[in-house]
Amino acid sequence: MRDIPQALAERTRGYSWEQITLGMSEASVFRLQDDGNTYYLKIQPNRAVEHLWQERDRLLWLQGKLPVPEVLAYEQDDRSEYLLITEIRGVNASDPSHRPHLPELMALLASGLRSIHSVDTAGCPFLQTLEVKLKEAGYRTESGLIDEADFDEKRQGKKAADLFQELVRDRPESEDLVFTHGDYCLPNILICEGGVSGFIDWGRGGVADRYQDLALAARSIAYNFGSEWIPFFLKEYGLGEADEAKLEFYQLLDEFF
């Protein structure tokens, strides 16, 4: 048994633990299984830049709106946060097993994103607009919280302060606001029996320009299956012609998150 809060320890007694290494989150993620149940436990240091309570709150708000995990428990002690959630069955969209069926996969990614962008934003408490994101990006830059070694290949060797100036200079004049996932990358979309079974990793969800998701989806598609599939995905989503400047801007913005 790991050193976790007593309430969580009692709830997960008898479960086997397997660490999941896919993804780039600051959290350690474990698959917990017994004879009939599968849960996921995220453990993240309190000193992390982002917080698990942000994902908890979004998951609670999204219940009944989208297929997302249920929150079973949230705990915090003097070292870490702990978020216990249910399983979404399926194979993540980055898995090589999808390679023989890429047209179908692109269509599923597009329809999944349309369903997210169709969520009613009335009363949504989670704002991820450019005003919010640029303020946070500026804070992280000034505080030395940006891992410059983790920049995308084409930005390797550049300084966060210089990239932040690019963000300010190239900020789009307008925003087409919808409810967004915030990190719509292929590992965060689950596929089961020929359909999208659900979406995970919601810590950055909220009201933002739809290109927040389109840009990261495009980058993830290129990384996993090749950039030649990006136009197919965007067409399936419903874009007649993509705004290349916005795609580039929101990929640049993600360097700060």
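Procedures and definitions
Residues numbered from 1 in each chain as written. Predicted model: local features only at pLDDT ≥ 70, side-chain atom pairs only at ≥ 80, totals over all residues. Heavy atoms only, no water. Core = buried A, V, L, I, M, F, W, Y, C linked by side-chain atoms within 4.5 Å. Buried < 20%, exposed > 50% of the residue type's maximum accessible area, 1.4 Å probe, protein only. Helix = DSSP H or I, 4+ residues; strand = E, 2+ residues; numbered from the N terminus. Contact = heavy atoms within 4.5 Å. Phe/Tyr/Trp six-rings, centres within 6.5 Å; stacked < 30°, edge-to-face > 60°. Lys, Arg positive; Asp, Glu negative; His and termini not counted. Salt bridge = Lys/Arg side-chain N within 4 Å of Asp/Glu carboxyl O. Pairing = 2+ DSSP bridges. Axes fitted to C-alpha atoms, helices over the stretch in contact; angles between N-to-C directions.

1. Remarks on the nonpolar core
Next, step 1: Core analysis: the biggest nonpolar cluster contains 61 residues, and Met106, Leu109, Leu167, Trp202, Leu214, Phe233 and Phe256 have the highest contact counts within it.
Next, step 2: Among the elements that make up this core, the one with the highest residue count is helix H3 (residues 102-117) (eight residues).
Next, step 3: Leaving out residues up to four positions away in the same chain, Leu109 has contacts with Ala93, Tyr184, Leu186, Ile189, Ile221 and Phe233.
Next, step 4: In terms of nonpolar packing, the next biggest core, distinct from the first, is built from twelve residues, Ile4, Ala9, Leu32 and Ala73 among them.

2. Some thoughts on helix H2 (residues 52-62)
Next, step 1: Those residues of H2 that sit buried are Leu52, Glu55, Arg58, Leu59, Trp61 and Leu62.
Next, step 2: Those residues of H2 that are buried lie in contact with strand S3 (38-45), strand S4 (71-76), strand S5 (80-86) and strand S7 (177-180).

3. Quick notes on the packing of aromatic side chains
For any pair of aromatic rings, the description consists of the separation of the ring centres together with the inter-plane angle of the planes.
Next, step 1: Scanning the model with the defined rule gives ten aromatic pairs in all.
Next, step 2: Consider the rings of Tyr15 and Tyr39, whose centres lie 5.4 Å apart with planes at 20°: the pair is stacked. On the criterion of sequence distance, the pair formed by Tyr15 in the loop between helix H1 (6-11) and strand S1 (16-20) and Tyr39 in strand S3 is long-range, its members being 24 residues apart. Tyr39 shares its class with Tyr15; the two are buried.
Next, step 3: Residues Trp229 and Phe232 carry aromatic rings whose centres are separated by 5.8 Å and whose planes lie at 70° to one another, so their mutual orientation is edge-to-face.
Next, step 4: With a relative accessible area of 32%, Phe232 lands in the partly exposed category.

4. Here we look at unusual backbone geometry
It is generally the case that most residues other than glycine have a negative phi and that most peptide bonds are trans.
Next, step 1: Look at Glu193: it is not a glycine, yet its phi comes out positive at around 55°.
Next, step 2: Structurally, the position occupied by Glu193 is in the loop between strand S8 (189-192) and strand S9 (195-199).
Next, step 3: Its identity as a non-glycine residue notwithstanding, Asp201 has a phi of 60°, on the positive side.
Next, step 4: Mapped onto the elements, Asp201 comes out in the loop between S9 and strand S10 (206-209).
Next, step 5: Assessed through its relative accessible area of 27%, Asp201 is described here as partly exposed.

5. Quick word on the side chain of Lys133
Next, step 1: Here Lys133 lies in helix H4 (residues 130-142).
Next, step 2: For Lys133, which is buried and forms no salt bridge, the nearest opposite charge comes from Asp254, at a distance of 6.2 Å.
Next, step 3: Every residue in contact with Lys133, bar those within four places of it in the chain, is listed here: Gln128, Gln212, Leu253 and Phe257.

6. Thoughts on the sheet that holds S1
Next, step 1: Taken in spatial order, the five strands line up as S1-S2-S3-S5-S4 in an open sheet, and their pairing is antiparallel. The open sheet has two free edges, formed respectively by S1 and S4, since each of these has just one partner strand. Neighbour-to-neighbour, the strand axes of the sheet open up by a mean angle of 20°, direction not taken into account.
Next, step 2: As judged from the six bridges shared by strand S2 (residues 28-33) and S3, these two strands associate in the antiparallel manner. The residue of S3 that forms the bridge with Phe30 is Leu41.
Next, step 3: Strand contacts of H2: S3, S4 and S5, with the helix running at about 30° to S5, the strand carrying the most contacts.

7. Describing the pairing of S9
Next, step 1: Here S8 pairs with S9 via four bridges, running antiparallel. Across the sheet, the residue bridging to Leu190 is Gly198, located in S9.
Next, step 2: Taking the residues between adjacent antiparallel strands as the criterion, S8 and S9 are bridged by two residues, where Glu193 takes a positive phi near 55°.

8. Overview of the sheet that holds strand S6 (residues 91-92)
Two strands in a sheet stick together by hydrogen bonds in their backbones, pointing the same way (parallel) or opposite ways (antiparallel).
Next, step 1: What the three strands build is an open sheet, ordered S6-S8-S9; its pairing is antiparallel. Only two strands of the sheet have a single partner each, and these edge strands are S6 and S9.
Next, step 2: In the sheet, S6 pairs with S8 via two bridges, with the strands oriented antiparallel. Looking across to S8, one finds that Asn92 is bridged to Leu190.
Next, step 3: The sheet strands contacting H3 are S8 and S9, and the helix crosses S9 at an angle near 45°.

By themselves, these are just geometric observations and shouldn't be taken as functional.
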